[in-house]
Amino acid sequence: MADVMSMEDIHATAARLNVDLSSLDLSSIRLPPAEDFGVVSDDEDLKGEESLEFEEGFANIIVVDNLPVVPKEKFDKLEGVIRKIYSQIGVIKEDGLWMPVDPETQKTLGYCFIEYNTPQEAELAKEKTNGYKLDRSHIFAVSMFDDIEKFMKVPEEWAPPETKPYTPGENLQKWLTDEKARDQFVIRAGTDTEVLWNDARQSKAELVYKRSYWTESFVQWSPLGTYLATVHRQGAAVWGGATTFNRLMRYAHPQVKLIDFSPGERFLVTYSSHEPSNPRDTHRVVINIFDVRTGKVMRDFKGSADEFAIGGTGGVSGVSWPVFRWGGGKDDKYFARIGKNVISVYETETFTLIDKKSIKVENVVDFSWSPTDPILALFVPELGGGNQPARVSLVQIPSKEELRQKNLFSVSDCKMYWQSNGDYLAVKVDRYTKTKKSTYTGFELFRIKERDIPIEVLELENKNDKIIAFAWEPKGHRFAVIHGDNPRPDVSFYSMRSGTNTGRVSKLTTLKGKQANALYWSPAGRFIILAGLKGFNGQLEFYNVDELETMAQAEHFMATDVEWDPTGRYVVTAVTSVHEMENGFNVWSFNGKLLYRMLRDHFFQFLWRPRPPSFLSPEKEEEIAKNLKKYSKKYEAEDQDVSLLLSEQDREKRRMLKEEWDRWVSEWKRLHEEEKLERQKLRDGEASDEEEEYEAKEVEIEELLDVSEEVISFD
């Protein structure tokens, strides 16, 4: 066992050797077999009874049963047939196909073992050939060798499972009952992950839970804030609670890279991509859908990266993410993916295709769900050089009925934006001019909840303005657009209502020449931040859309992220590790007052903990809003108490500082008195320390330093 070094020693050694630890790929480090160098794994319990062995033992071997029983002279022919079938799926190792022979009859036993280079190839072979019909009498039954080993260990006699006593777990929603109505957030900096309360009244963050090496890549809250997910080489895990954050469930998926929750937190989608054995092949993708509570795999999808690379933006190895998009609402009834000329919609009762077939849509390139209803919006681009127009269609699920369709001409590109309540759909359409040398942009606005789904066309006053950003007001009827080609673009606000006419779009105002390239609405609506990130170096303008006035202007230099808290009371701006300096975050009030800031080296992530929807009815929320002054008295009194407490704390701090000063002065006086005789001696008996009692005199003293004689010759 090697000597164990503390993290301080490691950082000091790295600094001495001029090594940047943040740039190291820890995943590439391989320790010698059976050596952990004193670093105890967080997953030591994986080695216990519930061991999850992923790339050990015989995971790359399959057993193929129900083969023909043949004599020795037909052995080579049967082996050639089997090798031809299974070598198409992956690379079979040398001497990796073995068919046992009965020593008495010299006939095969009707099964064989096949060893692949990787466990992933073995899994794919099992998936593709289990149930393969060689002929009428021989249908393959394929199993993993590791499974056979488990089956062999099943005891001959059944024994009832041990009943464990029920122990109630922690209330996973307890954090919502915080007396101060605070919100939590998670940050990752360096090797540490921390969960904290945002205690804005005290102008500080209060630590809830901290753990080093909690995740190997990133963390992610579930959509309703119940779980915190972490990602590891063995798979993903979820943790929960208000203060303890115990691990609630593990999801075995080796080399997982991406995860995604369903809106109602019932399911977790995990994704991994694996290098192929043949360099000419594409990466192999594995996607699992787990039940969050039980950890059971409800459905898995496997194939080449090309099969999952259609539609969407972003992802890994050319695959768009999320591959599966969940239907609106928290019921988690439907999820869908885009394929070549199809949209495949699955339902979660059986995890199979609706009506056992996909929706055929020629050349479909994008789709999106309504946030609240089972409605799909599809986009199909122009075909045949413009002879067949582009179109946007709305399709009801599960009936697959087309609710509305809009044909669009001379289309270059199209992007869809749903309003959070599903009331409106904005389609940003980039169109070619008549000369085809340039494009201009307009909007098709669908009123989803109105009869026959009317569509309104909106064009900017200057049709040639480039659209930089678009954002709907959450739960509202307004939207904002940043547009223009100038270094300082304009920001326009629109409403889907026009005075007494609720069926007409109208412009509210245009703000000229703003240093903004991103829009961040408060989750409660009404307030918006016009942010100038990247090239604008973190310019912030806090704007009240109700009053059409600027509340504050500020700057967070080099800010990379803006995140509203789920209540819309506070907002965070952060500088992540993409910049080397000033890493950390600032916490602001909704109206632009800086409350406090925290600096962290190698700052990677900031995420507010989401809140579930309120149980209050819209009528009750409206009643509270009308009587806000009555309800706010309690909180104003609490704020006053906090202010008094802070004042008392300040007074206590000043009192302690004064006492410390007085102690220092007393000590100085004591030392001064002890040295009195020494000072008097140095002053030839003068006792006074007052300078005024002494008279300064100038005294000249002549001192002979040296005498030398020199004989000088007169010759």
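Because the structure is predicted, anything quoted here is derived from the model rather than measured. (Residues numbered from 1 in each chain as written. Predicted model: local features only at pLDDT ≥ 70, side-chain atom pairs only at ≥ 80, totals over all residues. Heavy atoms only, no water.)

1. Comments concerning the UniProt feature "domain: RRM" (unreviewed entry) in the chain
As annotated in UniProt, the feature "domain: RRM" (unreviewed entry) corresponds to residues 60-147 in the numbering used here. The span residues 60-147 is 31% helix and 31% strand, and its two end C-alpha atoms sit 12 Å from each other. (UniProt positions renumbered as here; feature names shortened; annotations may be inferred. Helix = DSSP H or I, 4+ residues; strand = E, 2+ residues; numbered from the N terminus.)

2. A look at the sheet that holds strand E43 (residues 603-608)
Hydrogen bonds along the backbone pair up the strands of a sheet, which may run parallel or antiparallel. Taken in spatial order, the 4 strands line up as E9-E8-E7-E43 in an open sheet, and their pairing is antiparallel. Looking at which strands have only one partner, the edges of the open sheet turn out to be strand E9 (204-212) and E43. Neighbouring strand axes in the sheet, compared pairwise and without regard to direction, differ in orientation by 20 degrees on average. With 5 bridges joining them, strand E7 (residues 184-189) and E43 adopt antiparallel strand pairing. Paired with Val 186 across the strands is Leu 607, a residue of E43. (Pairing = 2+ DSSP bridges. Axes fitted to C-alpha atoms, helices over the stretch in contact; angles between N-to-C directions.)

3. Regarding the environment of Lys 302
Among the secondary structure elements, Lys 302 is positioned in strand E17 (residues 297-304). The class of Lys 302 is buried, set by a relative accessible area of 15%. Remark: the alpha-carbon pair of Lys 302 and Gln 120, spanning 182 residues in sequence, is separated by 9.6 Å. If we skip the residues at most four places from it in the chain, Lys 302 touches Glu 123, Glu 127, Arg 284, Val 285, Val 286, Glu 307 and Phe 308. Of the polar contacts made by the side chain of Lys 302, one reaches the side chain of Glu 123; its length is 3.5 Å. (Buried < 20%, exposed > 50% of the residue type's maximum accessible area, 1.4 Å probe, protein only. Contact = heavy atoms within 4.5 Å. Polar contact = N/O pair within 3.5 Å; in protein donor to acceptor, adjacent residues only side chain to side chain.)

4. Some remarks on the sheet that holds strand E40 (residues 570-575)
Reading across from one edge, E39-E40-E41-E42 is the order of the 4 strands in this open sheet, with antiparallel pairing throughout. The open sheet is flanked by strand E39 (561-564) and strand E42 (594-599), the only strands paired with a single partner. This sheet shows a mean twist of 20 degrees between the axes of neighbouring strands, independent of strand direction. Taken together, the 4 bridges between E39 and E40 define a ladder with antiparallel strand orientation. Looking at the pairing, Asp 561 lines up with Ala 574 of E40.

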